[in-house]
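Observations on chain architecture
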Amino acid sequence: MLNSKQRPAFLQNRDTALLFPVVLIAIITFVGGFSLIFVSDDAGNPFKQLFLMPWVILLGFVLAAPSFYLYYRGRFGFFHPLVFAAWSYFVPAFFVGGIILASGLSQPYFLSFVEDERYNLPLTIVYVILGYGGLSVGFFLPLGKKIGKRINRRLPVWDWKPENLYLPAILLLFIGIGNSIVAFGFGILGYQKVDVVGAYDGLLFLLTLLWLEASFILWLCIFRTKTLNVNHSLVIGLLLATSLTKSAFQGNRGSLFQLFILIACAFIFAVNTLKLRHKVFGVLLLVSAIVVGMIYGTTFRSVKQTESRVSTDEYIENIGQTFDKLFEQDLVDNLAEGVSALAERIENVSSLAVVVSNYEKLEPYEESYGLKDNIWKDSITFFIPRPLWVNKPVGSEPRQYADLYFNYSENSFTVTPMGDLLRNFGPFGVPLGMMLLGIILSAIYTALIEDQVFSIWRTALFYMLLTTVSYEGFYGTIIPYLIKYGLLAVAGILFIQFFQVGSGTQSSGRARRLN
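Described in the following lines is the structure provided in the data block. What you see is a predicted model; the values in this text were computed from it and never measured. (Residues numbered from 1 in each chain as written. Predicted model: local features only at pLDDT ≥ 70, side-chain atom pairs only at ≥ 80, totals over all residues. Heavy atoms only, no water.)

This part is about the nonpolar core. If you look at the biggest cluster of nonpolar residues, it comprises 115 residues, and the most contacted ones within it are Phe90 and Phe94. With twelve residues, the top contributor of residues to this core is helix H9 (residues 201-224). In this structure, phenylalanine 90 is in contact with Leu63, Ala85, Phe95, Val128, Tyr132, Met418, Met434 and Tyr471, ignoring residues within four places of it in sequence. Formed by ten residues, the second largest nonpolar core is a distinct cluster that contains Phe184, Ile295, Phe300 and Tyr315. (Core = buried A, V, L, I, M, F, W, Y, C linked by side-chain atoms within 4.5 Å. Buried < 20%, exposed > 50% of the residue type's maximum accessible area, 1.4 Å probe, protein only. Helix = DSSP H or I, 4+ residues; strand = E, 2+ residues; numbered from the N terminus. Contact = heavy atoms within 4.5 Å.)

And the structure:
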């Protein structure tokens, strides 16, 4: 057994240690109570999916295990790739979502597409376990660390000072804003869609991400500054005004959550140590961002109704009508609508179960929808610019996927990397494909963050790459997006580095690592 000196800090604290038996007793009581319902006759059970609960609880342990292991080893961080993946997506989407589905709070229409629910719903949870398990195994394999260390040794050391970054970062911010305005005019951004993908649409969308990168760098500079003055306050005002305006125009339910992630990531890396008041305030901001974002996004979509392109004036009018409707509604009604939309949004078990139940049956039709072998297709064609190949096929097309699997092409449904790997390579492809992703994330984390002296540009590049990975989208787009977004982020970093010449910033060919 471990003695008191060998135990991790959270077990040496008496109040914290007492929490563990309490949690264990609660889990045993929870499982035991539901077991009485599981063995009862379905005729007397109003919630037909309660049989899913043991699998959801098993999933919860699997999702929490890497975080506890990292905490035990003293390497836990909210933006560690495994922790971030688990708590920003897998836990809410599949653990909490599984509880919501099992309790009957979510009954989407497409649940009727799932054949033999007692078999396919638990099987869906098993694929999620294999997916996150594969991601974790790949991350902890030594291969990713070896690759990351080799990359790290070849990266320059640019010791950026916050006071020298405001001007170039603000210039980069306005370059991103300018491109976003143009992209919005072409229907690439916002709650609208284009009928035909233009040759330069992808490039234009990429350039809008300079706004994101510049915002992150500016927040890092703010949080690294010990004493703030009027100029810093103006920068904060600029960042909040532009970010909230962007969220209003995006019209989606997750824009405020994404803004919270950006600011939280910058703060955590900048200050390094979180105090209790930081955590409490962060939780309050997180809950507010999620609920308010759900309320606004849901209301905006009900006002605009469709994703069809409209004039800029009409779009702005829709935003105004949304706020008018929100102010007219009772606060309780707004909160109820937000909570209902949240429950519907985060539950992803049922949508993935549609793939699990039907991928073999629908496989013969995928070619006619352009979805056949989309992972290979996207992986070998992404490096050819669309201006050079105007008719380049789009392998991972959300609307075609929605039409084939959900019989409704006017919405985007959750795919997840596990569902995409299952469609392309079968059951064995799920853990193996996620293992490869884990190796890639390990290499990125080792090269840019782990055991290193704080660096603004490395942290910014890591943030851009970390948030590029979508765990509810296609697996086929992950690696192409990592490369594209990574190159764009490097271009933004080089733009800022150009202004550092002569400002005292030194560079060398070897990165500094902590001993």
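Let us now look at the pattern of salt bridges. According to the stated counting rule, one finds eight salt bridges in the structure shown. With its nearest N and O atoms 3.3 Å apart, the salt bridge here joins glutamate 450 to arginine 75. Of the two residues, glutamate 450 sits in the loop between helix H19 (429-448) and helix H20 (456-466) while arginine 75 sits in the loop between helix H4 (53-72) and helix H5 (81-102), which places them 375 residues apart along the sequence. The shortest N-O distance in the salt bridge between arginine 423 and aspartate 420 comes to 2.5 Å. Taken as a pair, arginine 423 and aspartate 420 lie in helix H18 (residues 416-425) at a separation of three residues, close to a single helical turn. A network of salt bridges, in which partner residues are shared, links Arg75, Lys145, Glu450 and Asp451. (Salt bridge = Lys/Arg side-chain N within 4 Å of Asp/Glu carboxyl O.)

Turning our eyes to something else, we now look at unusual backbone geometry. Even without being a glycine, aspartate 373 presents a positive backbone phi close to 50°. Residue classification places aspartate 373 among the partly exposed positions, given a relative accessible area of 35%. Unlike most non-glycine residues, threonine 416 shows phi in positive territory, near 70°. Relative to the elements of secondary structure, threonine 416 occurs in helix H18. Under the relative-accessibility criterion, threonine 416 is labelled buried at 0%.

Look at helix H11 (residues 255-271) against H20: their axes get within 11 Å of each other, and the N-to-C directions meet at 145°. Crossing handedness for the pair H11 and H20: right-handed. On the side of H11, the interface is formed by Ile261, Leu262, Cys265 and Phe269, while H20 contributes Thr459, Phe462 and Tyr463. Of the residues contributing to the contact of H11 with H20, the split by class is six nonpolar, one polar and no charged. (Axes fitted to C-alpha atoms, helices over the stretch in contact; angles between N-to-C directions. Left-handed = near helix turned anticlockwise from the far one by under 90°. Nonpolar A, V, L, I, M, F, W, Y, C, P; charged D, E, K, R; others polar.)

Attention now goes to a nonpolar patch on the surface. There is a patch of nonpolar side chains on the surface, built from Val137, Leu141, Leu143, Ile147 and Ile151 and spanning about 380 Å² of accessible area. Among the elements that line the nonpolar patch, the one with the most residues is helix H7 (residues 142-154), at three residues. Along the polypeptide, leucine 141 turns up in the loop between helix H6 (117-140) and H7. A relative accessible area of 31% means that leucine 141 is categorised as partly exposed. (Patch = residues over 30% accessible without salt bridge, like charges linked within 9 Å, V, L, I, M, F, W, Y side chains within 5 Å. Areas by Shrake-Rupley, 256 points an atom, 1.4 Å probe, with all protein chains shown as cover.)

As a packed pair, helix H8 (residues 166-185) and helix H10 (residues 230-250) sit with axes 13 Å apart at the nearest point and diverge in direction by 15°. Relative to H10, the element H8 is oriented roughly parallel. Between H8 and H10 lies a crossing whose hand is left-handed. Here Tyr166, Ile170, Leu173, Phe174, Ile177 and Phe184 of H8 lie close against H10, whose contacting residues are His232, Val235, Leu238, Thr242 and Phe249. Partitioned by chemical class, the residues of the contact of H8 with H10 number nine nonpolar, two polar and no charged. (Parallel < 35°, antiparallel > 145°, perpendicular 65-115°, else oblique.)

The topology assignment puts leucine 70 in helix H4. A relative accessible area of 4% means that leucine 70 is categorised as buried. Every residue in contact with leucine 70, bar those within four places of it in the chain, is listed here: Arg75, Phe76, His80, Val83 and Phe140.

The next point concerns the packing of aromatic side chains. For the structure on display, the rule yields 37 aromatic pairs. With a centroid separation of 6.1 Å and an interplanar angle of 40°, the aromatic rings of phenylalanine 90 and phenylalanine 94 are classed as tilted. Placement of both phenylalanine 90 and phenylalanine 94 in helix H5 is noted, with a separation of four residues, approximately one turn of the helix. According to the relative accessible area criterion, phenylalanine 90 is buried, its value standing at 0%. Using a relative accessible area of 0% as the deciding quantity, one classes phenylalanine 94 as buried. Taken together, the aromatic side chains of Tyr69, Phe79, Phe84, Phe139, Phe140, Phe269, Tyr445 and Phe462 make up a single cluster linked through ring pairs. The ring of tryptophan 211 has lysine 246 lying over it, and the distance from NZ or CZ to the ring centre is 4.9 Å. (Phe/Tyr/Trp six-rings, centres within 6.5 Å; stacked < 30°, edge-to-face > 60°. Lys NZ or Arg CZ within 6 Å of the ring centre and 35° of its normal.)

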